[in-house]
Amino acid sequence: MTRIGIVAERPGENRVSATPQTVAKILALGYEVVVETGAGAASTFPDHAYADAGAGVVSKEEAWAAAVVLKVAPPTDDEIALLADGATLLGLLSPALRPDLVAALSTRGITALALDAVPRISRAQSMDVLSSMANISGYRAVVEAAHEFGRFFTGQVTAAGKVPPAKVLVAGAGVAGLAAIGAASSLGAIVRATDPRPEVADQVRSIGGEYLEVVVPDEQKQVSSDGYAKATSEAYDRRAAEIYSEQAADVDIIITTALIPGRPAPRLITADDVAAMTPGSVIVDMAAAQGGNVAGSVAGERVVTENGVVILGYTDLAGRLPAQASQLYGTNLLNLLKLVTPAKDGVLTLDFDDVVQRSVTVVRDGATTWPPPPVTVSAAPAKPAVEATDAASTGRTPWLTPARRGALVVAGIAALFLVSAVAPAPLPQHLTVLTLSIVVGFYVIGKVTHALHTPLMSITNAISGIIVIGAMSQIVVPDLTVRVLAAIAVLLASINIFGGFAVTRRMLSMFQKGAQQ
């Protein structure tokens, strides 16, 4: 049985890598779990809670000596020295930004898994620590801004006068940005947001924000292939800078979240923009740790400018909600442990044929495995292939040309009229209704986005229910053909109904408390 050690974090890091709730589930995977004394104290998880969950409470040295060590913050050199030879370390390692740490871990046959290197693919969402922490950080950024801001967020009309709502600008509509937009909007503020990815516009509007599109003539809009924003063009940057300057002079609070993987944070708010803001305004630079989006921000510090603008460069926003952050982090880590413990026998087994396991493995048995091979992902709908109409460019002429398509439509209409003319009543009426239903259904349902397929299922289930009732009434008809067709209709409609309810129930269970940890 492999022993897993949950160690205490260094001062300033309030999160812990596992909670009593997740410890119980790690034990169910066949592992033995020990927790360093006081590891969960900053997150309000006392030692006796871990003991009640089945873990052993041990000293620092004994916890670090475990075969598998779970951690949050990157380890220091002194902490790496505490690891046993051949141990496995799981935590936030920032391998792209910390090559020195990767080199230090490549000693004594150590294996290191970086939770912040989980690829953004569908089946890895449950392990995506960056999204979990960004969600908390975005919410906390609004809380910190509200604490510094000297007025209400929401507008009010009182006997003492009218209070205008606060105006908030969120730069970047990723996970953190959307969380900030939702939190500020729920407090009653007027929220505006910018982002180079056009696909986030609907998401911004759906949670109460106004999307400020950066329009650049004759430039193709950026579509993200992996959920992250890419480097933008000079023309885009010039127009975006104008928008930021306009907004800085108008809004009360700015929250910046813009990051580009593998590069320093882009500078969005200049010193002139900060100077144009009114005294008492607040800026939260969530990218301060990577160089900052705001001129004058300092990582980890609160700065007040000469014109009275407060700039917050806090880098521990997620850690300021330690209990919640620890629970989400622990759940992400638990899901990764489930992946690398397929037999639930307490043996951690790495499979490099699995793209998730390969991506998170920074060092394996002392050999550096970073960076991993690129992962092909798509966060945006794939563009349909453009059919070549130029015979010279493709080498052949497409079979379904516009002329042939028109001829088929005309032939179909002619066939419908012919059948209607010779068929006995009421078959022509039924055939006409069926044809129109097919046409209308194709153009209506075919235009529904994938995100709305589940709500649409309730409508199709209702239609299928009508079909079942109608078909059941026809099963008693003496004509054998009618009875067979009615039975087939009942079968197919029932499959659609039960399948729709099964899928809907599974999706709804994802949002029920306790249904998914």
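One numbering rule holds for all chains: residues counted from 1, following each sequence as written. It should be noted that, the model being predicted, local features are given only for residues of pLDDT at least 70 and side-chain atom pairs only at 80 or more, the latter also being counted only at that level, while totals for whole chains, interfaces and linings use all residues. Neither water nor hydrogens contribute to the side-chain values; these are computed over all heavy atoms in the structure.

### Some thoughts on the overall build of the protein
Here comes step 1: Along the protein, the regular secondary structure elements total 17 helices and 17 strands.
Here comes step 2: Evaluated residue by residue, the protein yields a buried proportion of 41% over its 517 residues.
Here comes step 3: Pairs of residues are marked as contacts when any of their non-hydrogen atoms sit within 4.5 Å. Long-range contacts, defined as pairs at least 24 residues apart, comprise 63% of the intrachain contacts of the protein with a sequence gap of at least 6.
Here comes step 4: Each accessible area is a Shrake-Rupley estimate made with a 1.4 Å probe; only the visible protein chains count as cover when residues are assessed. Summed over its atoms, the accessible surface of the protein is roughly 27,100 Å², and 62% of this surface lies on carbon and sulfur atoms. Helical segments are the DSSP runs of H or I of at least four residues, strand segments are the runs of E of at least two, and each set is numbered from the N terminus. Between buried and exposed lies partly exposed: a residue is buried under 20% and exposed over 50% of the maximum accessible area for its type, with that area taken using a 1.4 Å probe on protein chains only.

### Let's talk about the packing of helix α1 (residues 20–28) against helix α11 (residues 322–340)
Here comes step 1: Every angle, taken between N-to-C directions, lies between 0 and 180 degrees, and every axis is a line fitted to C-alpha atoms, over only the stretch in contact when it is a helix. Direction vectors running N to C along α1 and α11 enclose 10°, while the axes themselves pass 9 Å from each other. The angle between α1 and α11 places the two elements in the roughly parallel class. Each of Q21, T22, K25 and I26 in α1 lies in contact with α11, whose residues at this interface are Q327, G330, T331, L334 and L337. Each angle gets one of four labels, with under 35 degrees taken as roughly parallel, over 145 as roughly antiparallel, 65 to 115 as roughly perpendicular, and the rest as oblique.

### Quick notes on the UniProt feature "transmembrane region" (unreviewed entry) in the protein
Here comes step 1: UniProt positions are given in the numbering used here, feature names are shortened, and annotations may be inferred rather than shown by experiment. Under the feature "transmembrane region" (unreviewed entry), the UniProt entry names residues 406–423, 429–446, 458–477 and 483–503.
Here comes step 2: The distance separating the terminal C-alpha atoms of residues 483–503 is 30 Å; by composition the span is 100% helix and 0% strand.

### Comments concerning a nonpolar patch on the surface
Here comes step 1: Nonpolar side chains collect at one region of the surface, where L480, V484, L485, I488, L491, L492 and I495 lie side by side and expose about 690 Å² of accessible area between them.
Here comes step 2: Note on placement: I488 falls in helix α17 (residues 480–509). Patch rule: a residue counts if its relative accessible area is over 30% and it has no salt bridge; like charges are joined within 9 Å, and nonpolar side chains (Val, Leu, Ile, Met, Phe, Trp, Tyr) within 5 Å. Note on definitions: salt bridges are taken to be side-chain nitrogens of Lys or Arg within 4 Å of carboxyl oxygens of Asp or Glu.

### With respect to helix α7 (residues 175–186)
Here comes step 1: Spanning 12 residues, α7 covers 17 Å between terminal C-alpha atoms, matching the ideal 16 Å at 1.5 Å per step.
Here comes step 2: Looking at α7, one finds that the buried residues are A176, G177, A179, A180, I181, A183 and A184.
Here comes step 3: Here the buried face of α7 lies against α6 (129–148), β9 (167–171), β10 (190–194), α8 (201–206), β11 (209–211) and β12 (253–256).
Here comes step 4: Of the residues one or two after α7, G188 is the one with positive phi, at around 100°. Any helix carries an expected span of 1.5 Å times its number of residues minus one.

### Side note on the sheet that holds strand β4 (residues 68–70)
Here comes step 1: Any two strands with at least two DSSP bridges between them are considered paired. What the 8 strands build is an open sheet, ordered β3-β2-β1-β4-β5-β6-β16-β17; its pairing is mixed. Bordering the open sheet on either side are β3 (56–58) and β17 (367–368), each of which pairs with just one other strand.
Here comes step 2: Pairing geometry for strand β16 (residues 361–364) and β17, over 2 bridges, is antiparallel. Within the sheet, the bridge partner assigned to V363 lies in β17 and is T368.
Here comes step 3: Packed on one face of the sheet, α1 meets β1 (3–6), β2 (32–36) and β4 and runs near 150° to β2.

### Topic: the sheet that holds β11
Here comes step 1: Ordered by their spatial adjacency, 7 strands build an open sheet running β11-β10-β9-β12-β13-β15-β14, and the pairing between neighbours is mixed. Looking at strand neighbours, the two that pair on one side only are β11 and β14 (302–304), the edges of this open sheet. The average undirected angle you get between the axes of adjacent strands in this sheet is 20°.
Here comes step 2: The pairing of β9 with β10 spans 5 bridges and is parallel. Its bridge partner being in β10, V170 is matched across the sheet by A193.
Here comes step 3: Against the sheet, helix α9 (residues 234–248) engages β9, β10 and β12, with an angle of about 155° to β9.

### Some remarks on the pattern of salt bridges
Here comes step 1: The final tally for this structure, using the stated rule, is 20 salt bridges.
Here comes step 2: A salt bridge links R3 to E62, with the shortest nitrogen-to-oxygen separation between them at 3.1 Å. Residue R3 is found in strand β1, and its partner E62 is found in helix α3 (residues 60–64); the two are separated by 59 residues along the sequence.
Here comes step 3: Among the salt bridges present, the one from K71 reaches E79, with a minimum N-O distance of 3.6 Å. The two residues K71 and E79 agree in class, both being buried.
Here comes step 4: Shared partners join several salt bridges into a network, and the residues in it are R140, E144, D316 and R320.

### Here we look at unusual backbone geometry
Across residues other than glycine, the phi torsion is negative in most instances, and most of the peptide bonds are trans.
Here comes step 1: The peptide bond linking W370 to P371 adopts the cis configuration, its omega dihedral lying at 0°.
Here comes step 2: Note on placement: P371 falls in the loop between β17 and α13 (391–394).
Here comes step 3: At T44, a position not held by glycine, the phi torsion is positive, near 65°.
Here comes step 4: Mapped onto the elements, T44 comes out in the loop between β2 and α2 (47–53).
Here comes step 5: The exposed category is assigned to T44, whose relative accessible area is 60%.

### Digging into the nonpolar core
Here comes step 1: Formed by 42 residues in total, the largest nonpolar core has its most connected members in L70, L90 and L337.
Here comes step 2: Of all the secondary structure elements, the ones that give two or more residues to this core are β1, α1, β2, α2, β4, α6, α11 and α12 (355–360).
Here comes step 3: Looking at which element gives the most residues to this core, the answer is α11, with 7 residues.
Here comes step 4: Leaving out residues up to four positions away in the same chain, L70 has contacts with I4, G5, I6, V7, S17, I26, L90, L333 and L337.
Here comes step 5: Only buried residues count toward a nonpolar core, which is a set of Ala, Val, Leu, Ile, Met, Phe, Trp, Tyr and Cys residues joined through side-chain atoms within 4.5 Å. In this structure, A134, V168, I255 and V310 belong to the second largest nonpolar core, which totals 31 residues.

### Topic: the pairing of β2
Two faces, one strand: in a regular strand the side chains alternate between the faces of the sheet.
Here comes step 1: Burial of β2 is extensive: 4 of the 5 residues sit out of reach of the surface.
Here comes step 2: Both β1 and β2 contribute to a ladder of 4 bridges, which runs parallel. If you follow I6 over to β2, its bridge partner there is V35.
Here comes step 3: Read from β1 through α1 to β2, the crossover connection turns out right-handed.
Here comes step 4: Sheet analysis places β2 next to β3, joined by 3 bridges and oriented parallel. When the strands point away from the viewer and the path from the first strand over the helix to the second turns clockwise, the crossover is right-handed.

### Some remarks on the pairing of strand β13 (residues 282–285)
Here comes step 1: Here β13 shows no split at all, with V282 and V284 on one side and I283 and D285 on the other all buried.
Here comes step 2: Pairing of β12 with β13 involves 4 bridges; the strand directions are parallel. The residue bridging I253 from the neighbouring strand is V282, located in β13.

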